[in-house]
Amino acid sequence: MQERYSAEDVETAAQQHWDSQQAFRVVEDGPAPKFYCLSMFPYPSGKLHMGHVRNYTIGDVISRQARMKGFNVMQPMGWDAFGMPAENAAIQNEVPPAKWTYANIDYMKGQLKRLGFGIDWSRELATCTPAYYRWEQWLFTRLYRKGLIYKRLGTVNWDPVDETVLANEQVIDGRGWRSGAEVEKREIPMYYMKITAYADELLTALDDLPDWPEQVKQMQRNWIGRSEGVEIHFPYDLTTVGESGVLKVFTTRADTLMGATYVAVAAEHPLARLAAASEPAVAEFVEDCIKGGVAEADLATMEKKGIATSLRVVHPISGEYLPVWIANYVLMGYGEGAVMAVPAHDERDFAFAQKFGLTIKPVIIPGKWGQRVDNASGVFDDPSAKLQRKFPIVARYGTSESLSWSHWQDCFAELGRVVNSGRYDGMRSSEAVDAIAADLETKGLGRKRVQYRLRDWGISRQRYWGCPIPMIYCEACGDVPVPDEQLPVTLPEDVAVTGRGSPLARMPEFYECSCPKCGGAARRETDTMDTFVESSWYFLRYACPDNAAAMVDARADYWAPVDQYVGGIEHAILHLLYSRFFTRAMRDEGLTRVSEPFTRLLTQGMVVAETYYRQPDAGKRQWLNPADVAVERDDKGRIVAATLVADGAPVVIGGTEKMSKSKNNGVDPQALVERYGADTARFFIIFAAPPDQQLEWSDSGVEGAFRFLKRVWTFAHRNRELMCSGLSATAGRDGLDLPPALADVRREVHGCLKQADYDFGKHQFNTVASATMKILNALEKAPDAECPEWAAVAAEGFSILLRLLAPITPHISHALWRACGFDGDILDAPWPEASEGALKQDRIELMLQINGKLRGSIQIDAEAPRAQIERDALASDAAAKFMDGKPAKKVIVVPGRLVNIVC
RNA sequence: GCCCGGGUGGUGAAAUCGGUAGACACACCGGACUUAAAAUCCGGAGCCGCGAGGCGUGCGGGUUCGACUCCCGCUCCGGGCACCA
């Protein structure tokens with residue numbers, strides 16, 4: 001054993017050992033229960049970034065501990081290899097996407113190996129290979145025939161200059177990122193997956209995922225957005241509309257129906273088109289509405305615009321004529337593309353009505369305004385204003401009647417009591433919803449129904465680097481799925497990408513084909529699939545990546561579901577929801593037995609670092625890498641200034657942000673590993689923050705991790721022979737009669753172990769790392785070798801330390817386990833168990849509070865009865881000093897913790 | 001705009017069911033070793049105060065013998081918003 005810790009030697013040797021043993025290759029048999037630990041696979045963007053290192057370190061820690069606990073562990077890895085960056089790189093560097101992607105995979109795989117992750121590489125897959133995506137196409141044709149995939153128009157961002165569909169990310173301030181042209185909405189035919197068919201199941205099944213973070217489940221619940229409400233039909237007014245029909249809206253607040261004063265429709269709604277045909281101003285407005293992109297965040301924050309039409313619809317209860325408005329905040333793809341507007345009780349409608357001077361008709365008395373309202377006179381008590389007020393029949397801006405409705409108040413949107421609504425007056429909101437729904441149903445103008453916010457999943461992409469959609473168009477036969485024997489539809493790999501239009505649509509050799517039904521000339525679909533499709537089933541394919549005859553086989557039944565999934569919180573909704581849906585679709589095709597793909601979920605936080613920059617006058621900020629910057633501190637250690645090492649001149653401290661190329665604050669994992677080794681990188685990442693929180697990068701923190709590992713190494717080197725002799729004394733350690741100082745050391749070790757076990761269960765690995773440091777501190781401070789029992793205590797303590805460390809820093813743990821003569825390979829060493837005997841204490845310290853303030857402590861027998869604790873507490877110096885001679889009113893004893901005297 | 005998180009010393013963080021706030025580290029200060037430095041080791045330290053003591057978990061209220069923890073209101077920061085992955 002070397003005296004000095006050399007990470008490179010240790011890590012190379014350990015990795016060679018694992019390779020030669022094929023230590024992480026796993027098969028589907030044996031008595032051990034299976035444990036499928038999966039980290040989200042990376043997009044092969046070029047090289048690993050720190051977020052990857054964090055993700056895979058967390059997954060590896062869980063995997064390795066599960067193995068020590070006796071599970072048959074599978075930890076696979078692969079590549080989410082289709083996507084836009086490959087096309088962007090192709091445009092920039094004129095490299096074909098396939099070549100670029102495979103080169104990246106090659107490089108990043110080497111990096112993953114160097115970090116020592118316990119991955120079964122025999123299961124590696126890349127989604128851009130025909131061997132993978134052919135099964136995606138195969139399933140597509142099945143789901144299409146079943147009706148779970150269908151075709152309809154969908155709205156996309158259109159760049160009129162580049163004649164290309166843009167991703168939301170490529171639209172910046174309403175303009176195309178390359179052309180700078182104003183983006184427009186355009187409707188094109190697209191394929192959709194009917195995820196809404198599973199909406200209810202996806203929602204209710206969340207309740208059966210106890211090991212998912214509550215926050216993720218809540219986000220998914222809100223995303224699915226189940227709401228119970230009423231569909232209401234407003235018949236067209238024949239004289240203004242010119243044809244018969246009904247305008248359908250959905251509302252959860254049917255109790256406010258009598259307060260509806262207009263209706264608003266989307267620019268793409270049939271009524272809008274009708275109005276545009278005869279009214280030039282409307283046509284202009286509708287034309288204007290196609291400007292801008294489709295991202296919801298933009299639509300929600302843009303200025304609310306609208307225009308009146310001459311059209312009217314008929315209120316289904318009152319028979320009044322309501323004006324039809326066109327509003328840019330109503331969207332065709334959401335619900336019915338129309339809303340009934342109740343300005344008195346909806347904040348958005350209120351703002352709209354005020355802007356355009358529309359009628360505001362209050363029909364609900366908010367709960368907090370009291371129950372007393374006279375339905376005939378409209379007089380009610382407003383306790384918040386300590387006034388008796390007259391309820392406005394119609395509130396118009398500027399009139400005295402409408403004072404209370406001149407500004408929006410949140411309580412307007414609350415449930416309450418119905419007024420101003422004819423026969424529904426006096427009802428509570430919920431009663432009014434029932435009564436109105438019943439009346440509408442009688443008239444055939446509406447009914448109660450459930451609606452979801454969730455929309456069907458549009459999967460068509462007008463891009464090249466993706467899985468081809470296996471469909472053929474024939475003049476005679478229409479849309480025909482590609483038959484099984486013609487699969488896969490292979491994506492040509494040697495293609496020039498220009499950024500204008502879709503390359504496949506310019507390749508007759510790709511799209512010209514014959515109809516599978518009639519044999520006539522036909523055209524192949526040139527759209528590819530959303531890359532979320534590949535990542536919706538890869539976890540099943542890892543079980544059997546080599547199967548050329550089936551999508552999944554019996555091995556998937558052995559491994560599914562994933563026991564532990566680890567990945568970024570940014571995937572909390574889309575990827576995870578699509579995967580849950582896809583698994584169910586596959587279940588209903590008889591491909592898997594499971595419904596939920598991921599039993600336990602751990603969502604990891606981002607990796608952030610400080611930023612530094614310089615800003616020449618009126619110029620762009622130049623971001624400087626933290627590695628090139630030196631900081632100045634005051635005498636308390638606070639950072640007061642920073643300078644660039646190269647020129648010694650000051651730079652601006654920019655705050656802490658997510659590591660990124662644009663802010664130049666990334667730390668290269670490669671350089672880190674080369675300098676300190678994989679174990680140091682892994683230890684720091686685990687130690688610096690709990691997995692689900694953001695991790696702040698710190699170079700000196702890395703130094704500290706390295707220093708700790710050196711201390712572990714040094715302890716082993718100094719005490720190796722002693723500990724080898726201590727091994728024989730291992731039997732019956734609890735029975736050993738240890739001197740008090742050694743008993744204390746042993747109590748500390750087992751206390752740390754017990755705590756670490758608890759923390760492991762919570763996935764709070766940072767405190768597990770702390771526990772290993774505490775154990776080393778205790779062992780180093782132990783009274784040394786004079787005492788004969790020390791060898792046994794040291795050997796036991798150090799073996800516990802190494803095993804707690806093994807999942808986090810596997811290489812050094814592997815080397816020291818052998819060097820100290822412990823049994824076998826630490827990879828399969830049994831996880832240690834804390835001894836209750838070692839934790840026992842005769843006397844304990846209780847904190848002493850007087851009136852809730854800490855004033856001292858008392859020493860007492862661990863088993864002391866309550867009466868004695870009270871007596872000792874009252875007799876203490878602190879009690880005499882702080883009770884001011886007052887008698888104790890009450891004494892609170894919290895066993896094992898504290899005594900509080902109230903006086 | 002909507003949904004979901006987070007805010008604790010100079011810094012990263014810990015505190016299991018409402019019971020010692022700041023474990024474990026980083027940075028800092030002091031000391032040992034050294035011709036010197038690096039490395040290593042030992043010690044100190046939340047803030048204010050000479051001290052007794054007071055004050056302290058983003059801000060303002062509340063519940064409680066006792067609140068980082070529970071409740072109400074605010075604020076700032078981050079993630080997601082359906083074509084980034």
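It should be noted that the structure appears before, not after, this text.
Given the structure is predicted, the values throughout are model-derived calculations rather than measurements.

### Focus: the packing of aromatic side chains
Working step 1: For the coordinates displayed, the defined rule picks out 41 aromatic pairs.
Working step 2: Aromatic pair Phe82 and Tyr133: ring centres 5.7 Å apart, planes at 40°, arrangement tilted. Residue Phe82 is located in the loop between strand E3 (78-79) and helix H3 (84-93), and its partner Tyr133 is located in helix H5 (residues 130-146); the two are separated by 51 residues in the primary sequence.
Working step 3: Judged by relative accessible area, Phe82 falls into the buried class, the value being 1%.
Working step 4: Pairing Tyr262 with Phe352 gives two aromatic rings, centres 5.8 Å apart and planes at 25°, and the pair type is stacked. Of this pair, Tyr262 sits in strand E12 (residues 262-265) while Phe352 is found in helix H12 (residues 347-356), placing the two residues 90 residues apart along the sequence.

### Considerations on the protein's contact with RNA strand B
Working step 1: Around RNA strand B, the structure places 76 residues, and the nearest of them are Asn168, Arg463, Ala688, Gln755 and Asn900.
Working step 2: What you see for RNA strand B is that sugar and phosphate hold 64% of its atoms within 4 Å of the protein.
Working step 3: Interatomic distance of 2.5 Å between a backbone N/O atom of Asn168 and a sugar or linking oxygen of RNA strand B.
Working step 4: One of the side-chain nitrogen or oxygen atoms of Lys881 is found 2.7 Å away from a phosphate oxygen of RNA strand B.

### Remarks on the pattern of salt bridges
Working step 1: Overall, the coordinates contain 44 salt bridges when judged by the stated rule.
Working step 2: For Lys151, the salt bridge is made with Asp479, and the minimal N-O distance between the two is 3.4 Å. You can see Lys151 sitting in strand E5 (residues 149-159) and its partner Asp479 sitting in strand E24 (residues 478-481), a full 328 residues away along the chain.
Working step 3: A relative accessible area of 34% means that Lys151 is categorised as partly exposed.
Working step 4: On the basis of relative accessible area, Asp479 is assigned to the partly exposed category, the value being 28%.
Working step 5: Linking Glu336 and Arg449 is a salt bridge whose minimum nitrogen-to-oxygen distance equals 3.0 Å. A residue pair is termed long-range when its members are at least 10 positions apart, and Glu336 in the loop between strand E14 (321-327) and strand E15 (338-341) and Arg449 in strand E20 (residues 446-452) qualify at 113 residues.

### Looking at empty space enclosed by the protein
Working step 1: Counted according to the given criterion, the structure contains four cavities of 30 Å³ or more.
Working step 2: Approximately 200 Å³ is the volume found for the largest cavity.
Working step 3: Of all the secondary-structure elements, those providing two or more residues to the lining of the largest cavity are H3 and strand E6 (164-166).
Working step 4: Looking at which element gives the most residues to the lining of the largest cavity, the answer is H3, with four residues.
Working step 5: Across the lining of the largest cavity, the residue classes break down as seven nonpolar, six polar and five charged.
Working step 6: Every residue lining the second largest cavity is listed: Trp18, Arg64, Arg67, Met68, Ala806, Pro807, Pro810, His814, Asp825, Ile826 and Leu827.
Working step 7: Elements represented by at least two residues in the lining of the second largest cavity include exactly helix H2 (50-68) and helix H24 (810-819).
Working step 8: Of the residues forming the lining of the second largest cavity, the biggest block, three residues, is contributed by H2.

### Quick notes on the sheet that holds E12
Working step 1: With respect to topology, four strands assemble into an open sheet ordered E13-E14-E12-E15, the strand pairing being mixed. The outermost strands of the open sheet, each flanked by one partner alone, are strand E13 (306-314) and E15. Strand-to-strand twist across the sheet, computed as the mean angle between neighbouring axes with direction ignored, equals 30°.
Working step 2: Sheet analysis places E12 next to E15, joined by four bridges and oriented antiparallel. When the bridges of E15 are listed, Val263 appears paired with Met340.
Working step 3: Of the strands in this sheet, E12, E13 and E14 are in contact with helix H9 (residues 270-278), which crosses E13 at around 110°.
Working step 4: Across the face of the sheet, helix H10 (residues 280-289) comes into contact with E13 and E14 while running at roughly 115° to E13.

Reading the values: the criteria
- Residues numbered from 1 in each chain as written.
- Chains lettered and ligands numbered in written order.
- Predicted model: local features only at pLDDT ≥ 70, side-chain atom pairs only at ≥ 80, totals over all residues.
- Heavy atoms only, no water.
- Phe/Tyr/Trp six-rings, centres within 6.5 Å; stacked < 30°, edge-to-face > 60°.
- Helix = DSSP H or I, 4+ residues; strand = E, 2+ residues; numbered from the N terminus.
- Buried < 20%, exposed > 50% of the residue type's maximum accessible area, 1.4 Å probe, protein only.
- Near = heavy atom within 4 Å.
- Polar contact = N/O pair within 3.5 Å; in protein donor to acceptor, adjacent residues only side chain to side chain.
- Salt bridge = Lys/Arg side-chain N within 4 Å of Asp/Glu carboxyl O.
- 1 Å grid on protein atoms, 1.4 Å probe; cavity = no way out; pocket = protein on both sides within 12 Å on 5 of 7 lines; lining within 4 Å.
- Points joined across faces, edges and corners; volume = space filled by probe spheres on them.
- Nonpolar A, V, L, I, M, F, W, Y, C, P; charged D, E, K, R; others polar.
- Pairing = 2+ DSSP bridges.
- Axes fitted to C-alpha atoms, helices over the stretch in contact; angles between N-to-C directions.
- Contact = heavy atoms within 4.5 Å.

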